[in-house]
Every structure is written in C-alpha cells, then in structure tokens.
Amino acid sequence: MLDQRPVSFSGVQPSGNLTIGNYLGAIKNFPEFSEKYKCFYCVVDQHAITVRQVPAELRRRTYETLALYIACGLDPQKNTLYVQSHVPAHTELAWMLNCFTMFGELSRMTQFKDKSARHADNVNAGLFTYPVLMAADILLYQTDVVPIGSDQKQHVELARNIVDRFNQLYPDTFTMPEPIVPKAGARIMSLAEPTKKMSKSDENENAVVRILDDKDAIIRKFKRAVTDSGSEIRVADDKPGVTNLITIYSCFTGKSVEEIEREFDGVGYGDFKIAVGQACAERLAPVQEEYRRLLADKAYLESVMKNGADEAAYYARKTLSKVRRKLGFVNL
Ligand code: ATP
Ligand code: LTN
C-alpha cells in the first residue's frame with residue numbers, strides 16, 4: 001500500500017568520514033520528520049564518484065554512512081534507508097531531466113565552481129550534471145521537503161526550476177519540493193578557516209571534527225580552533241571563529257546564544273573551547289557506541305539496504321512510468 005503522507009527526502013555522499021557539519025546541518029534533523037512524513041534517506045554513492053574515490057574505501061564508507069544514519073536515530077522500520085546505486089531509476093530519471101536543464105543554469109552552481117577549482121585535473125561531465133542527479137533523487141519520490149544544510153539550497157532551487165519547466169510542458173508531473181534548513185547549524189564553519197564551510201573532504205584534519213572522532217581528538221581540535229582578536233565570547237560579524245564555536249555549543253547543548261554569552265561572560269577563550277569540545281564529545285558518545293555495534297553486523301546492514309532499495313524502487317517506478325508516458329516513450 002502506498003503511504004499517503006507528505007514525503008521527506010535527503011541524501012549524504014559516502015565521500016569521507018562525516019563531520020559535525022553533516023550532523024548538525026543535516027542528519028541530526030532527519031528523524032524528526034519520521035512521524036509526519038514518509039521518509040527516504042539515501043546514501044548517494046553515485047554522486048560520490050564525481051570526484052575520484054578508492055573503490056574499497058567507497059564500499060566501506062557506504063556501509064559506514066548507513067550505520068551512522070541508524071545510529072543518529074533513523075529507525076529502518078520507520079524510514080526507507082537505502083543506497084542510490086541500488087535503485088537504477090535515479091540515473092534513468094536523471095537522463096530525462098538533463099534534457100530539461102540548461103547549460104547556463106548548471107554553470108552558475110557554486111558547488112560546481114568550487115569543486116572544479118579544487119579538482120582542476122578532473123572536471124568531468126558528472127561533476128557538472130551533479131545537480132540534475134540530485135533533482136532526480138528528489139523528484140522521483142514526489143518529495144515535499146528536503147532537509148539539508150544551507151550549501152545545498154541552490155541545488156534544491158535548481159530542482160524547483162526543473163519542476164516548473166517540466167510541469168509547464170507536462171502538467172501535474174512532479175511535486176514542488178521545499179528546502180528545509182535548520183535555524184541553527186545550517187552552515188558549520190571550518191575550525192581552521194572560519195569563513196569557509198566545514199567539509200568532510202578537507203585535507204586539514206584540524207579544520208574538521210568528525211562524528212566518529214574520540215573525545216581526546218575532539219577536545220584537541222577545539223583547543224586549536226582559530227579564534228578572533230579580542231577576548232569576548234559573543235556572536236558578531238567580525239568574530240567568525242567565536243561565532244562558529246557558539247553555534248556549535250548551542251546546537252549540542254540546546255542553550256540559546258544569550259544564555260551562552262551570559263554563561264561565558266568573563267571566561268577566557270581557552271576554557272570556552274574546552275567546554276565546547278566536552279559538550280560535543282558528550283553528545284556524540286552514544287551515537288558512536290551505537291554505530292560500532294551496528295557496523296559489526298554487516299548482514300543486518302545489508303538487509304536494511306535490500307529492504308530499503310525494494311521499497312524505494314516501488315515508489316520510484318510509479319513516477320518513472322508516469323514520466324515515460326508523458327514524454328512519449330512506449331511503455332510495454
Ligand atoms: P564533500 O566535502 O565531500 O563535498 P560535504 O561535507 O559537503 O562533502 P555532503 O555529503 O555533500 O557533505 O552533505 C551532506 C549534508 O550535510 C548536506 O545536507 C549538506 O548541506 C550538509 N552539510 C555539509 N557540510 C555542512 C556544514 N559545514 N554545515 C552544515 N551542513 C553541512
Ligand atoms: N548534494 C548533496 C547530497 C545529495 C542530496 C540529494 C541532498 C544528493 N542527493 C537529494 C538532498 C536531496 C550534498 O552534496 N550534500
């Protein structure tokens with residue numbers, strides 16, 4: 001039976017060890033949709049190959065990312081958890097949507113510009129059409145909401161443009177998706193360069209805190225975090241380092257910015273950074289413990305992937321056959 005609730009869809013690439021940016025901006029917020037929405041959360045392995053991957057590592061990280069989804073509170077009984085390449089409908093729809101996406105639109109994507117500068121020796125067509133595959137992920141499930149960090153808003157906007165264009169030609173084909181960005185934590189910044197987003201593929205290990213870092217590493221990284229001139233602990237445009245640490249502390253403790261500014265009034269940067277590290281390590285400890293337990297059971301993870309892919313394929317097939325019909329393909 002088809003679930004009639006509105007749909008939530010999101011994805012994470014298995015392209016590295018996930019950071020607290022991925023956690024606070026995205027994964028941590030996924031479970032809250034499980035009651036009111038039919039939820040699909042995908043490990044987007046096909047997006048990951050737009051930059052070169054070591055095959056054994058990609059495979060391992062696919063299991064790890066799925067285990068982290070579950071460890072962060074996504075119950076496989078209540079959410080459809082699966083791997084993108086297990087449902088070929090994603091790439092099939094992506095081809096069709098390619099023919100409804102303009103070269104100029106894709107050239108304007110910030111992520112494409114960033115990644116093509118960073119991987120100048122491998123500016124492949126997949127990197128360029130990455131947002132079209134992402135649009136296919138979303139539109140395939142007639143998605144209503146897409147919980148993401150703010151860096152992905154531009155891609156959801158593009159998906160919305162594709163819906164407009166497609167539905168104008170072929171009415172009532174796709175649902176219009178809405179990006180959902182958290183109020184706090186939508187853009188966690190690098191600890192080394194707080195004007196840059198924290199990114200799991202950053203080469204500077206001190207710039208990123210990973211969900212699976214142990215307590216010592218977490219505290220060490222926060223202790224080294226770049227702060228700003230002055231000594232006050234408050235949110236300000238000219239204090240990007242301290243502002244980022246306050247945001248992180250707020251997300252992990254649930255305290256408001258005002259409460260935090262009061263709590264650390266007169267306290268030095270050093271002690272504040274240790275407090276941030278401790279709060280972060282404390283909140284991540286149960287996630288890490290559950291993750292380790294899950295990762296030891298590969299057969300279980302494979303059964304989740306298999307059930308998830310079967311369920312996703314069932315929903316995907318409905319949209320795909322509708323699109324084929326609208327476009328004029330012969331359905332046998
Ligand atoms: P990569 O470095 O490989 O590009 P990434 O760290 O940007 O990866 P993704 O897999 O592209 O991570 O993103 C997964 C989700 O995490 C997305 O919803 C994205 O918006 C969110 N996200 C990524 N980085 C941050 C961040 N620094 N702050 C908040 N959310 C983030
Ligand atoms: N592009 C996203 C990952 C992603 C995604 C999606 C997110 C792929 N498909 C569909 C939301 C919905 C990223 O790089 N963070």
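Located above this text is the structure these notes cover.
Residues numbered from 1 in each chain as written. Chains lettered and ligands numbered in written order. Predicted model: local features only at pLDDT ≥ 70, side-chain atom pairs only at ≥ 80, totals over all residues. Heavy atoms only, no water.

Topic: the pairing of strand β1 (residues 7–12)
The side chains of a regular strand alternate, first on one face of the sheet and then on the other. Worth spelling out the cut-off: Partly exposed describes any residue whose relative accessible area lies between the buried limit of under 20% and the exposed limit of over 50%, with all areas from a 1.4 Å probe on protein chains only and scaled to the type maximum. Each helix is a run of H or I in the DSSP string that is no shorter than four residues. Each strand is a run of E no shorter than two, and both are numbered from the N terminus. Two strands qualify as a pair provided that DSSP identifies no fewer than 2 bridges between them. For the handedness criterion, the strands are oriented away from the viewer, and a crossover whose path from the first strand over the helix to the second runs clockwise is classed as right-handed.
The element β1 is largely enclosed, with a buried count of five among its six residues. Bridge analysis of β1 against strand β2 (residues 38–43) gives six bridges, and the strand direction is parallel. What sits directly across from Gly11, in β2, is Cys42. In this view, the connection linking β1 to its parallel neighbour β2 by way of helix α1 (residues 20–25) has right-handed handedness.

Topic: the nonpolar core
This is how it is decided: Residues enter a nonpolar core if they are buried and are Ala, Val, Leu, Ile, Met, Phe, Trp, Tyr or Cys, with the set joined through side-chain atoms within 4.5 Å. Throughout, a residue-residue contact means that at least one pair of heavy atoms, one from each residue, lies within 4.5 Å.
Counting 57 residues, the largest nonpolar core has Ile20, Tyr69, Phe222 and Phe252 as the members making the most contacts within it. Secondary-structure elements contributing two or more residues to this core are α1, β2, α3 (55–71), β3 (79–83), α9 (215–224), α10 (240–253), α12 (269–295) and α13 (298–327). Counting residues per element, this core draws most heavily on α12, at eleven residues. Other than its neighbours up to four places away in sequence, Tyr69 contacts Ser10, Gly11, Val12, Ile27, Phe30, Tyr41, Cys42, Val43, Leu74 and Leu81. Listed in part, the 44 residues of the second largest apolar core include Cys42, Leu127, Ala135 and Ile138.

A look at the packing of α10 against α12
This is how it is decided: Comment: axis = line fitted to C-alpha atoms, over the contacting stretch for helices; angle = value between 0 and 180 degrees taken between N-to-C directions. When the near helix sits turned anticlockwise from the far one by under a right angle, the crossing is termed left-handed; a clockwise turn instead gives a right-handed crossing. Residues are grouped as follows: Ala, Val, Leu, Ile, Met, Phe, Trp, Tyr, Cys and Pro are nonpolar; Asp, Glu, Lys and Arg are charged; all remaining types, including Gly, are polar.
It is the contact of α10 with α12, at a shortest axis distance of 9 Å, that shows an interaxial angle of 35 degrees. Seen along the crossing, α10 lies across α12 with a hand that is left-handed. Between α10, through Val242, Leu245, Ile246, Ile248, Tyr249, Cys251, Phe252 and Thr253, and α12, the contact on the second element is made entirely by Tyr269, Phe272, Lys273, Ala275, Val276, Ala279, Cys280, Arg283 and Leu284. The residue inventory of the contact of α10 with α12, partitioned by class, reads 14 nonpolar, one polar and two charged.

So, the site of ligand 2
Definition in use: Distances are taken per atom, and a residue is near a molecule or strand as soon as one of its heavy atoms is within 4 Å of it. Two N or O atoms form a polar contact when they lie within 3.5 Å of each other; inside protein one atom must be a possible hydrogen donor and the other a possible acceptor, and for residues adjacent in sequence the pair counts only when both atoms belong to side chains. The accessible surface values rely on the Shrake-Rupley method and a 1.4 Å probe; as for residues, cover is taken only from the protein chains in view.
Around ligand 2 sit 14 residues, and of these Gln13, Tyr130, Met134, Asp137 and Gln152 come closest. Between Gln13 and ligand 2, the recorded distance is 3.2 Å, taken from a side-chain N or O atom to an oxygen atom. In this structure, Gln152 approaches ligand 2 through a side-chain N or O atom, which is 3.0 Å from a nitrogen atom. Out of a free accessible area of 360 Å², ligand 2 has 92% covered by protein chains. Contributions of two or more residues to the shell around ligand 2 are made by β1 and α7 (125–139).

Considerations on α12
We count it as follows: One less than the residue count of a helix, multiplied by 1.5 Å, gives the span that helix is expected to have. Bending is quantified residue by residue as the angle between axes fitted to the seven-residue window ending at that residue and the seven-residue window starting at it.
Between its terminal C-alpha atoms α12 stretches 37 Å, which fits the 39 Å expected from 27 residues at 1.5 Å a residue. The sharpest bend along α12 comes to roughly 35 degrees, located at Ala285, with the proline Pro286 sitting one to four residues further on.

Description of the site of ligand 1
Around ligand 1, 21 residues are found, and the nearest of them are Asp151, Lys197, Ser199, Lys200 and Ser201. The contact in question runs from an oxygen atom of ligand 1 to an N or O atom on the side chain of Ser15, over 2.9 Å. Asp151 places a side-chain nitrogen or oxygen 2.5 Å from an oxygen atom of ligand 1. Starting from 610 Å² of accessible surface for ligand 1 in isolation, the protein chains cover 97%.

Concerning the environment of Leu2
Following the sequence through the fold, Leu2 ends up in the segment before β1. In this structure Leu2 touches Tyr314, Tyr315 and Lys318, once residues within four positions along its chain are discounted.

Things to note about the state of the cysteines
Our working rule: Criterion for a disulfide: a pair of cysteine sulfur atoms within 2.5 Å.
Scanning the entire structure with this criterion turns up zero disulfides. Cys42 takes part in no disulfide bond, and the closest cysteine sulfur, belonging to Cys39, lies 13 Å away. The class for Cys42 is buried, based on a relative accessible area of 0%.

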